[in-house]
Amino acid sequence: MNLQEIKGLGPKKREYLNNLKIENVDDLIYHYPFRYEDRRDVKTIEEAYGKEDALLHLSLVNNPSTRYLGRNKNITTVKATDGKYKIDLTWFNQPYIVNRLKSGENFYVFGKVESYKGQLKMTSPIISKTLGNELGKIVPVYNLTKGLTQNDFRNFISQALKKLKFEESLPKDILNSNNLMDYREAIINIHFPNSMSLLQKSIERLKFQEIFFYQLYLDINFSQINKEGISFKIAPEVDNFIKKLPFELTNAQKKVVGEILEDMKSPFIMNRLLQGDVGSGKTIVAAIAILNAYYNGYQSVLMAPTEILATQHYDDLKNMFLGYGIRVGILKGSLTKKRKEEMVEDIKKGFVDVIVSTHAVLEDNVTFENIGLVITDEQHRFGVKQRAILTGKGNVDTLVMSATPIPRTLALAKYGSLDISIIDELPKGRKNIETYAVGMNYEKRIMNFLLKHVSEGRQCYIVCPLIEESENLNLTSVEELYERLSETYFKNIKTGLIHGALNPKIKDEIMESFINNETKILFSTTVIEVGVNVPNANTMVIYNADRFGLSQLHQLRGRVGRGKFQSYCILLNDSKSQIARQRMRIMESTNDGFIIAKKDLELRGSGDVIGFRQSGEEQFKLVNLFEDIDMLKKVQDITRDILDNNKLESVEYKVLKDELDKYSKDIEEQIIFN
Ligand code: ADP
Ligand code: MG
């Protein structure tokens, strides 16, 4: 069946549907309602007052009348009662409704009971003599676009549901043992539920399906378990390198280095997630793995999500490897075309040993002479597919590093099956970052506080959520702030401004100047959020701190407290919101990323959406990995069992297998670079 076969869906409306990315009937039926209106239970006026739209059964107490309010505008009103209270029903520009309504008759109406100047009223209610068509049911409400109405959608989808052939893709045993609703029933009920419990069951079934296919896809394509890889030797130089470091590795670092080297030694591919709080020293661990790959004759890639971070890693690695003969190169979007071509050529010929890069390294034209190790920093910024591209370039060991501690179950759903190493200890001598949440009226005191630190030789960050001034949001813009403060408090101090919209070359220069301690105060948006390491910077002020989620605040704050100086983080905001205050209190009370992540999950559960970025998995329509973690766990056991026991090859799983092939194709087309 295709869209043309649906009655009432002409070329114009097809175009509107395209705006919602609906291009075929499948897209249409997967355009699930975003809420429902329960138009079944008849309520009294009293019960419905001040609440959601409700269904009432009313008797008209007069004949309707229409008033004309100038050209093309009129309003029709009729009084009605439920026996106890009287209410005015009004419609705009529907004078013909007069013909349907007569004093003394009974009608079902659906709408919101409100009051205006002491008079109860309902504006533009749906009205009908009988139940069954629009009223008396649970009715879906869809996301719309210009040119389409709710009724259009209900009509199109109901036609599609009648004509479509549904095929059950989940095998019987899985349906039964998980008590899942049949596919056809689920699709019908998610659009036109017969009851709330059937709606629940349909959502559960479809969620299960979303997670199930995704996890199965991940398990099959990203499970490197027992996949043959390189058997690296542990080079004697590794020990020397560690001994010559200006500091001693923490015990936690030693432990994870051991785990990683063990993985590299094994004949199987390494697929490891390295979790460690901000400032725990992941970079040096990466460097050790890279060094080992080098002495085994292999190239390594270290991929970072931003150019700022890539540039910093490049500088760091070059420094650390000074005197080791290791050639470090950088590949990033802002290089000139010529430079880029040269670098691509050098990588191909093996003239560089370590390639630090943004996702520029994922481009088709990049090939390696002898790639052995791929490390991605701050992995949460990359998609699964991006990693797949890299690992696809060779049978390589992969290490992904993240400061965001997520439960193992979630990690499995984000990265496929992997091993996890955790750095659960900060380098010795780190002091807690003292954190204070204060109102905007403290600005003057805070600026003097910054001045004092600058006079003692330190540097500071001032972070702001927006680049330019915006009219509708009452937020401080970083540009405005930069100008205002640079001209007043910081008149005699070198300040800098960095944000994502700047040309990458300029960004590099600004960062360079801050790293070299020329710029004393850096104004920034969240572009400095990940990875940036300037140990001399000890104070951070965050404007509009209520605009950030907990994990993001923690990441931002992690830019200070990286050296031997006592560090401070000031969270500025005047928010009265309960959740914002809770967040501030949590930030004041702990520096521990694991605790913060846990609190973050709890707060999210209570309907907070700010900072939700991490769960932006676009392949899900219904599932939210955080909220549906129990189901996720269950599904993971099932997909494991299927693969361990080779069930996909059995007859009962044939339909599933075909469906999975289709799914894999789709998902690989869908996942786009960002
Ligand atoms: P992150 O885990 O956030 O990426 P980095 O790797 O950037 O942390 O390390 C933060 C800072 O700590 C760096 O300046 C690094 O040189 C330093 N560092 C790393 N390990 C140790 C250690 N064992 N002792 C002291 N300082 C360390
Ligand atoms: Mg880092």
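Everything here concerns the structure above.
Keep in mind that what you see is a predicted model, and the values were worked out from it rather than measured.

Asks: Hey, could you run me through the overall build of the protein in this one?
Replies: What the protein contains, in helices and strands, is 22 helices and 24 strands. Taken over 674 residues, the protein has a buried fraction of 51%. Long-range contacts, defined here as pairs at least 24 residues apart, represent 73% of the contacts in the protein between residues at least 6 apart. Total accessible area on the protein is roughly 32100 Å²; 49% of this is exposed by carbon and sulfur atoms. If the 92 positive side-chain charges of the protein are averaged to one point and the 89 negative ones to another, these points end up 4 Å apart.

Asks: When you look at the pattern of salt bridges in this model, what are you seeing that I'm missing?
Replies: Pairing is possible between side chains of opposite charge, provided their charged atoms come close. Applying the stated criterion across every chain, the model contains 25 salt bridges. Salt-bridge contacts for Lys112 lead to Asp53; the nearest nitrogen and oxygen are separated by 3.6 Å. Note that Lys112 is positioned in the loop between β7 (106-111) and β8 (114-116) and Asp53 in the loop between α3 (45-48) and β3 (54-60), a separation of 59 residues in sequence. Look at Asp53 and you get partly exposed, because its relative accessible area is 31%. As a salt-bridge pair, Lys129 and Glu105 come within 3.3 Å of each other at their nearest N and O atoms. In this pair, Lys129 is assigned in the loop between β10 (126-128) and β11 (138-141) and Glu105 in the loop between β6 (86-92) and β7, connecting sequence segments 24 residues apart. Overlapping salt bridges bring together Arg35, Glu37 and Arg39 as one network.

Asks: When you look at the sheet that holds strand β17 (residues 397-402) in this model, what are you seeing that I'm missing?
Replies: Strands pair in a sheet through their backbones, by hydrogen bonds, and they do so in one of two ways: parallel or antiparallel. Read from one edge of the open sheet, seven strands run β14-β15-β13-β16-β17-β12-β18, paired in parallel fashion. With partners counted over all chains shown, the strands left at the sheet margins are β14 (328-331) and β18 (419-423), one partner each. Looking at each pair of strands side by side, their axes are set apart by 20 degrees on average, direction ignored. In terms of strand pairing, strand β12 (residues 271-276) meets β17 through five bridges, oriented parallel. Paired with Leu273 across the strands is Val400, a residue of β17. Sitting on the sheet, helix α9 (residues 251-265) is in contact with β12, β16 (371-376), β17 and β18, with an inclination near 155 degrees to β18.

Asks: Is there a simple way to explain the environment of Asp88 in this structure?
Replies: Counting through the fold element by element, Asp88 comes out in strand β6. Overall, Asp88 belongs to the buried group, its relative accessible area being 17%. Spatially, the C-alpha atom of Asp88 lies 6.6 Å from that of Thr77, the residues being eleven residues apart in sequence. With sequence-adjacent residues up to four places away left out, Asp88 is seen in contact with Thr77, Val78, Lys79, Gln119, Leu120, Lys121 and Met122.

Asks: What is the right way to read the sheet that holds strand β19 (residues 434-438) from this model?
Replies: Pairing within the open sheet is parallel, and its six strands lie in the order β19-β24-β23-β20-β22-β21. Strands at the two margins of the open sheet, each flanked by one partner only, are β19 and β21 (495-498). Direction aside, neighbouring strands of the sheet carry axes that sit 15 degrees apart on average.

Asks: Hey, could you run me through empty space enclosed by the protein in this one?
Replies: Rolled over the atoms, a probe sized like a water molecule indicates the empty space that remains. What the rule picks out here adds up to two cavities of 30 Å³ or more. Together, Ile308, Thr311, Gln312, Asp315, Asp508, Met511, Glu512 and Ile515 line the second largest cavity. At the level of secondary structure, the elements contributing two or more residues to the lining of the second largest cavity comprise α11 (307-320) and α17 (504-515). Tallied by class, the residues present in the lining of the second largest cavity amount to three nonpolar, two polar and three charged. Summarising the domain contributions, the lining of the second largest cavity has at least three residues from each of domain 3 (236-423) and domain 4 (434-590).

Asks: Sorry if this is basic, but what is going on with unusual backbone geometry here?
Replies: Both trends apply: most residues other than glycine have a negative phi, and most peptide bonds are in trans. The backbone of Asn93 shows a phi angle near 50 degrees, a positive value even though the residue is not glycine. On the secondary structure map, Asn93 appears in the loop between β6 and β7. According to the relative accessible area criterion, Asn93 is partly exposed, its value standing at 37%. The phi dihedral of Asn646 is positive, around 55 degrees, even though this residue is not glycine. By secondary structure assignment, the location of Asn646 is in the loop between α21 (629-644) and α22 (654-670).

Asks: I'm lost on helix α10 (residues 282-295) in this one. Help?
Replies: One turn of an α-helix holds 3.6 residues; hence residues three or four places apart share an orientation. With 14 residues, α10 should cover 20 Å at 1.5 Å per step; its first-to-last C-alpha distance of 21 Å lies within 8% of that length. Most of α10 is tucked away, with eleven of its 14 residues classed as buried. Turning to α10, its buried residues are Lys282, Ile284, Val285, Ala286, Ala287, Ile288, Ala289, Ile290, Leu291, Asn292 and Ala293. With its phi angle positive at about 85 degrees, Gly297 sits one or two positions after the end of α10.

Asks: For this particular structure, what's the right way to read the site of ligand 1?
Replies: In the vicinity of ligand 1 there are 16 residues, among which Gly279, Lys282, Thr283, Arg430 and Arg562 approach most closely. Contact between ligand 1 and Gly279: an oxygen atom at 2.6 Å from a main-chain N or O atom of the residue. For ligand 1, the protein covers 84% of the area, taking 570 Å² as the surface of the free molecule. Given that more than half its atoms are within 2 Å of the pocket grid, ligand 1 belongs to the second largest pocket. Considering only residue class, the shell around ligand 1 consists of four nonpolar, seven polar and five charged.

Rules used in this analysis
- Residues numbered from 1 in each chain as written.
- Chains lettered and ligands numbered in written order.
- Predicted model: local features only at pLDDT ≥ 70, side-chain atom pairs only at ≥ 80, totals over all residues.
- Heavy atoms only, no water.
- Helix = DSSP H or I, 4+ residues; strand = E, 2+ residues; numbered from the N terminus.
- Buried < 20%, exposed > 50% of the residue type's maximum accessible area, 1.4 Å probe, protein only.
- Contact = heavy atoms within 4.5 Å.
- Areas by Shrake-Rupley, 256 points an atom, 1.4 Å probe, with all protein chains shown as cover.
- Lys, Arg positive; Asp, Glu negative; His and termini not counted.
- Charge placed at Lys NZ, Arg CZ, Asp CG, Glu CD.
- Salt bridge = Lys/Arg side-chain N within 4 Å of Asp/Glu carboxyl O.
- Pairing = 2+ DSSP bridges.
- Axes fitted to C-alpha atoms, helices over the stretch in contact; angles between N-to-C directions.
- 1 Å grid on protein atoms, 1.4 Å probe; cavity = no way out; pocket = protein on both sides within 12 Å on 5 of 7 lines; lining within 4 Å.
- Points joined across faces, edges and corners; volume = space filled by probe spheres on them.
- Nonpolar A, V, L, I, M, F, W, Y, C, P; charged D, E, K, R; others polar.
- Domains from an automatic or database assignment.
- Expected span 1.5 Å × (residues − 1).
- Near = heavy atom within 4 Å.
- Polar contact = N/O pair within 3.5 Å; in protein donor to acceptor, adjacent residues only side chain to side chain.
- Sits in = over half its atoms within 2 Å of the grid points.

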